[in-house]
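Here are the chains, one letter per residue:
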Amino acid sequence: MRTDEVQGFVDRHVGERGGLISILEDMQARYGYLPADVLRAVAERTGQSLTDVYGVATFYKSFSLKPRGKHLCSVCVGTACHVRRAPMVAREVERRLGIRPGDTTADREFTLETVNCLGACALGPIVVVDGHYFSAVTTGKVKDILEQTRAGLDRVDVKTDRRIFPVTVSCSRCNHSLMDAAHPIDGSPSIRVTVSFKRHHGWLRLSSLYGSYTLECEYEIPMDAVVDFFCPHCHADLKSAAGCPECGAPMVAMIVRAGGIVQVCSRRGCKGHMLDLNGSGF
Ligand code: FES
């Protein structure tokens, strides 16, 4: 019985900071969603109120109270995307998948949702599939996006993939450029910052192609470790006030030279990121 399994998840994270989030993450991975009986069992076994458990389960978008498909497809229908024909894109996705927003396909491959703004208005209409941003989507591109998803979105060809676009960034505190043309990644100048984890302190280079997760680091960072990011020029902490929409870890903010803010999750391996090309503050 699945409520009996809950004790195992609770024991694994007992005493951890943010342990409730980790318990729910494990259960979301196990069941694909957070069933009501499981949430009640978590509240009972952790001693937290059901209201608190439910609050966390509904706060983060990575959690779902309904069974979800293998792939989450979010179509932005916010104002900026709307005026660029996002409703037609949404209808085309609905037509091809045969479901309405909020529903999951019968083969449990896709869950479709519409959202009101993904912070990349200048590039709309935006469609996000499993955390991968597709910009300037038209009805004609929908078929390719869905086929690409079925084939495996993690296989990215940075030369031809339409999700990939370059950003030039600077420190959110001293405004010094963070670009490192001498050490390209994915064929473009990398973004260089300083990171610190436990007693390690060294450089980290990220791909400047938004949508690519390629990075190089002076030392090995274990998966799931949360790392502190600093500007290599003024040494300011680059952490922003925002929490990662995927895992809750602190986000790291950088200014986009063309205007706006890009934020990436400070947890190794998490693909949480946000791009707000209209943003001006943290
Ligand atoms: S309205 Fe679609 S990204 Fe902002």
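1. Structural notes on the overall build of the protein
In step 1: The helix and strand inventory of the protein stands at seven helices and 16 strands.
In step 2: For 282 residues, the compact-globule formula gives about 19 Å, and the C-alpha radius of gyration of the protein, at 20 Å, lands near that figure.
In step 3: C-alpha atoms of the protein, sized along the principal axes, occupy 55 × 50 × 30 Å.
In step 4: Buried residues in the protein amount to 34% of all 282 residues.
In step 5: Long-range contacts, defined here as pairs at least 24 residues apart, represent 54% of the contacts in the protein between residues at least 6 apart.

2. Focus on the nonpolar core
In step 1: V193 and L238 are the most contacted members of the largest nonpolar core, which totals 31 residues.
In step 2: At the level of elements, β6 (169–171), β8 (188–197), β9 (200–206), β10 (209–210), β12 (228–230), β14 (250–256) and β15 (261–265) are the ones that each hand at least two residues to this core.
In step 3: Broken down by element, the residue count for this core peaks at five residues, all from β14.
In step 4: Contacts of L238, omitting those with residues within four sequence positions, involve S172, V193, F229, F230, C231, V252, A253 and M254.
In step 5: In terms of nonpolar packing, the next biggest core, distinct from the first, is built from 24 residues, V89, F110, V142 and L146 among them.

3. Focus: the environment of A182
In step 1: Assignment of secondary structure puts A182 in strand β7 (residues 179–185).
In step 2: Sequence spacing of A182 and V14 is 168 residues, and the spatial spacing of their C-alpha atoms is 46 Å.

4. Focus on the domain arrangement of the protein
In step 1: Domain assignment breaks the protein into domain 1 (2–59), domain 2 (71–151) and domain 3 (165–276).
In step 2: Averaged C-alpha coordinates put domain 1 and domain 3 at centres separated by 31 Å.

5. As for helix α3 (residues 36–46)
In step 1: Buried within α3 are the following residues: V38, L39, A41 and V42. For α3, the angular spread of buried residues about the axis comes to 160°, placing them on one side. Exposed side chains of α3 directed beyond 90 degrees from the buried face belong to A36 and D37.
In step 2: Looking one or two residues past α3, G47 carries a phi angle of roughly 80°, positive in sign.

6. A word on the packing of helix α6 (residues 86–97) against helix α7 (residues 139–151)
In step 1: One can describe the packing of α6 onto α7 by two numbers: an axis separation of 9 Å at closest approach and a directional angle of 40°. In terms of axis orientation, α6 runs oblique to α7. As α6 runs across α7, the sense of the crossing is right-handed. Of the residues in α7, those in contact with M88, V89, E92, V93 and R96 of α6 are T139, V142, K143 and L146.
In step 2: Its residues assigned to classes, the contact of α6 with α7 comprises five nonpolar, one polar and three charged.

7. Here we look at unusual backbone geometry
In step 1: Residue K198 is not a glycine yet carries a positive backbone phi of 50°.
In step 2: With respect to the helices, strands and loops of the structure, K198 is situated in the loop between β8 and β9.

8. Let's talk about the environment of S208
In step 1: As for its placement among the helices and strands, S208 is situated in the loop between β9 and β10.
In step 2: Excluding its chain neighbours within four sequence positions, the residues that come into contact with S208 are P166, V167, T168, M179, S188, P189, S190 and I191.

9. Considering the packing of helix α2 (residues 19–31) against helix α4 (residues 50–59)
In step 1: With their axes 11 Å apart at the nearest point, α2 and α4 run at an angle of 65° to one another. Note on packing geometry: the crossing formed by α2 with α4 is right-handed. Touching L20, I21 and L24 of α2 are V53, V56 and A57, all from α4.
In step 2: Partitioning the contact of α2 with α4 into residue classes produces six nonpolar, no polar and no charged.

10. Considerations on the sheet that holds strand β3 (residues 127–129)
The strands making up a sheet associate through hydrogen bonds between their backbones, and the pairing can be parallel or antiparallel.
In step 1: If you walk across this open sheet you meet the four strands as β2-β1-β3-β4, and the pairing is mixed. Looking at the sheet topology across the chains shown, the edges are occupied by β2 (110–115) and β4 (132–134). Adjacent strand axes in the sheet meet at a mean angle of 20°, parallel and antiparallel pairs treated alike.
In step 2: Here strand β1 (residues 71–76) pairs with β2 via six bridges, running parallel. The partner of S74 across the bridge, within β2, is E113.
In step 3: Where α6 meets the sheet, its contacts fall on β1, β2 and β3, and the angle it forms with β1 comes to roughly 155°.

How each quantity is defined
Counting from 1, residues in each chain are numbered in the order their sequence is written. With the structure being a predicted model, the display of local features is reserved for residues of pLDDT at least 70 and the display and counting of side-chain atom pairs for 80 or more, all residues being used for whole-chain, interface and lining totals. Numbering of helices and strands starts at the N terminus; helices are DSSP runs of H or I of at least 4 residues and strands are runs of E of at least 2. Radius of gyration here uses only the C-alpha atoms, and the compact-globule reference equals 2.2 Å multiplied by the residue count raised to the power 0.38. We call a residue exposed when 12 or fewer other C-beta atoms sit within 10 Å of its C-beta, buried when the count reaches 20 or more, and partly exposed for counts in between; the C-beta positions come from the backbone. It is the C-beta atoms, placed from the backbone, that decide contacts: two residues are in contact if theirs lie within 7 Å. Under the definition applied here, buried Ala, Val, Leu, Ile, Met, Phe, Trp, Tyr and Cys residues are grouped into a nonpolar core through C-beta atoms within 7 Å. These domain boundaries are the output of an automatic or database domain assignment. The arc in question is the one traced by the directions running from the helix axis out to the C-beta atoms. To get an axis, a line is fitted to the C-alpha atoms, and for a helix only the part in contact is used. The angle between two axes follows their N-to-C directions and goes from 0 to 180 degrees. Convention used here: angles under 35 degrees read as roughly parallel, angles over 145 as roughly antiparallel, angles from 65 to 115 as roughly perpendicular, and any remaining angle as oblique. Note on convention: near helix rotated counterclockwise from far helix by under a right angle means a left-handed crossing. Clockwise means right-handed. Asp, Glu, Lys and Arg are counted as charged, while Ala, Val, Leu, Ile, Met, Phe, Trp, Tyr, Cys and Pro are counted as nonpolar; the rest, among them Gly, fall into the polar class. Here the rule is simple: two strands pair whenever DSSP picks up at least two bridges between them.

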